[in-house]
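# Architecture at a glance
Given next are the chains, with one letter for each unit.
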Amino acid sequence: MIEFWSCLAARFEDIELELNRLDAATGDGDHGTTMLKGIRAAVADESNPGKAFRTASGGAGGTLFGFVVTAIHKVEKDGAPLDEELGKAAERIMRIGSAKPGHKTMLDALIPASEAGSDAGAAARAARSGLEATRDMVAMSGRARYVENSGIGHLDAGARSIAEILGAYANWKDRRR
């Protein structure tokens, strides 16, 4: 699994500044940097990448994305179904963050992915569609709700990260076949 986290780190190195720009339009502008910190920590701790991610990235985002990292780890380590683990992550995120689908958050990519079945490719495609839908949403959670027009016209950075994580995961699984 370390190979996956390493590939993911390389992908997020490529898109760090783009994620920061997306986040700057609706937040504080550090989403890409925070994600990369967490992913690099996951690379260094194969036994508990979710905890490593949470500790390194910190804040609410670290906790919320840590659930997704843990979900993927459980799928690979325990053979748990991808859709079930992503669904559990989404439930935890909603419980802690009080966001809901349609609020223009990471959930708008994560929930469709969790409903796409256990195929990683289907989950990645569903996450990408969910990401695209955030462009026209009014932000109702997080910092984006306070910006002009509540972020309408901008993709959500968290949803973009979910789409990237699941896209990288699907590609990694395809290469292993």
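Residues numbered from 1 in each chain as written. Predicted model: local features only at pLDDT ≥ 70, side-chain atom pairs only at ≥ 80, totals over all residues. Heavy atoms only, no water.

## Looking at the packing of aromatic side chains
Our working definition: Stacked, tilted and edge-to-face are the three classes applied to pairs of Phe, Tyr and Trp rings, where Trp contributes its six-membered ring and a pair requires centres within 6.5 Å; stacked means planes under 30 degrees apart, edge-to-face means over 60, and tilted covers the rest. In this description a helix means any DSSP run of H or I spanning at least four residues, a strand means any run of E spanning at least two, and both kinds are numbered starting from the N terminus. In this scheme, a residue with accessible area under 20% of its type's maximum is buried, one over 50% is exposed, and one in between is partly exposed, where area comes from a 1.4 Å probe on protein chains only.
For the structure shown, the criterion picks out four aromatic pairs. An angle of 50 degrees between the planes, with centres 5.5 Å apart, marks the rings of Phe4 and Trp172 as tilted. Of the two residues, Phe4 is situated in helix α1 (residues 2-26) and Trp172 in helix α8 (residues 157-176); the sequence distance between them amounts to 168 residues. Residue Phe4 is classed as buried on the basis of its relative accessible area of 0%. Exposure remark for Trp172: the relative accessible area of 3% places this residue in the buried category. Among the aromatic residues, ring-to-ring pairing joins Phe4, Trp5, Tyr169 and Trp172 into one connected group.

## Observations concerning helix α7 (residues 120-133)
For clarity, the cut-off: To estimate how far a helix should reach, multiply one less than its number of residues by 1.5 Å. We call two residues in contact whenever any of their non-hydrogen atoms come within 4.5 Å of each other. What qualifies as a polar contact is a pair of N or O atoms within 3.5 Å, subject to a donor-acceptor requirement within protein and to the restriction that residues adjacent in sequence count only when both atoms come from side chains.
The end-to-end C-alpha distance of α7, which contains 14 residues, comes to 20 Å, matching closely the 20 Å that a straight helix rising 1.5 Å per residue would cover. Listed in full, the buried residues belonging to α7 are Ala120, Gly121, Ala122, Ala123, Ala124, Ala126, Ala127, Gly130 and Leu131. Lining the buried residues of α7 we find α5 (82-97), α6 (107-114) and α8. Of the residues flanking the start of α7, the one acting as N-cap is Asp119, its side-chain oxygen 3.2 Å from the backbone nitrogen of Gly121.

## Regarding the packing of α1 against α8
Convention followed: Under this scheme, a helix contributes an axis fitted over its contacting stretch, all axes are lines through C-alpha atoms, and angles between N-to-C directions fall in the 0 to 180 degree range. Orientation categories follow fixed angle ranges, with anything under 35 degrees roughly parallel, anything over 145 roughly antiparallel, 65 to 115 roughly perpendicular, and all other angles oblique. Crossing handedness follows the turn of the near helix against the far one: under a right angle anticlockwise gives a left-handed crossing, and clockwise gives a right-handed one. Residue polarity follows a fixed list, in which Ala, Val, Leu, Ile, Met, Phe, Trp, Tyr, Cys and Pro are nonpolar, Asp, Glu, Lys and Arg are charged, and the others, Gly among them, are polar.
Packing of α1 against α8 leaves a shortest axis separation of 10 Å and a crossing angle of 155 degrees. Relative to α8, α1 is oriented roughly antiparallel. At the point where α1 passes α8, the crossing takes the right-handed sense. In this structure, α1 contributes Glu3, Phe4, Cys7, Leu8, Arg11, Phe12, Ile15, Glu18, Leu19, Leu22 and Asp23 to the contact, and α8 contributes Ala157, Arg160, Ser161, Glu164, Ile165, Ala168, Tyr169, Trp172 and Arg175. Classifying every residue of the contact of α1 with α8 gives twelve nonpolar, one polar and seven charged.

## Things to note about the side chain of Arg160
In this structure, Arg160 sits in helix α8. The exposure class of Arg160 is buried, given its relative accessible area of 8%. Within the structure, the side chain of Arg160 is placed 2.4 Å from the side chain of Glu18, a separation counted as a polar contact. Look past the residues within four positions of Arg160 in its chain and what remains in contact with it is Arg11, Ile15, Glu18, Leu19, Leu22, Arg128 and Leu131.

## Section: unusual backbone geometry
Leaving glycine aside, a negative phi is the common case for residues, and trans is the common case for peptide bonds. Although it is not a glycine, Ser98 adopts a positive phi angle of roughly 55 degrees. As for its placement among the helices and strands, Ser98 is situated in the loop between α5 and α6. The class of Ser98 is exposed, set by a relative accessible area of 51%. The backbone of Lys104 sits at a positive phi, close to 70 degrees, despite the residue not being glycine. Tracing the sequence through the fold places Lys104 in the loop between α5 and α6. Of the residues examined, Lys104 reaches a relative accessible area of 2% and is grouped as buried.

## With respect to the pattern of salt bridges
As a reminder of what qualifies: One side-chain nitrogen of Lys or Arg within 4 Å of one carboxyl oxygen of Asp or Glu is enough to make a salt bridge.
For the structure on display, the rule yields ten salt bridges. Its salt-bridge partner being Glu13, residue Arg40 comes within 3.2 Å of it at the nearest N-O pair. Here the residue Arg40 occupies a position in helix α2 (residues 31-44), and Glu13 occupies one in helix α1, the gap between them amounting to 27 residues. We classify Arg40 as partly exposed; its relative accessible area is 44%. Across the pair Glu85 and Lys88 runs a salt bridge, and its minimum N-O distance is 3.3 Å. Taken together, the positions of Glu85 and Lys88, both in helix α5 and three residues apart, correspond to about one turn of that helix. One salt-bridge network, in which partners are shared between bridges, spans Arg11, Glu18, Arg128, Arg160 and Glu164.

Function cannot be inferred from these measures alone, as they are strictly geometric.
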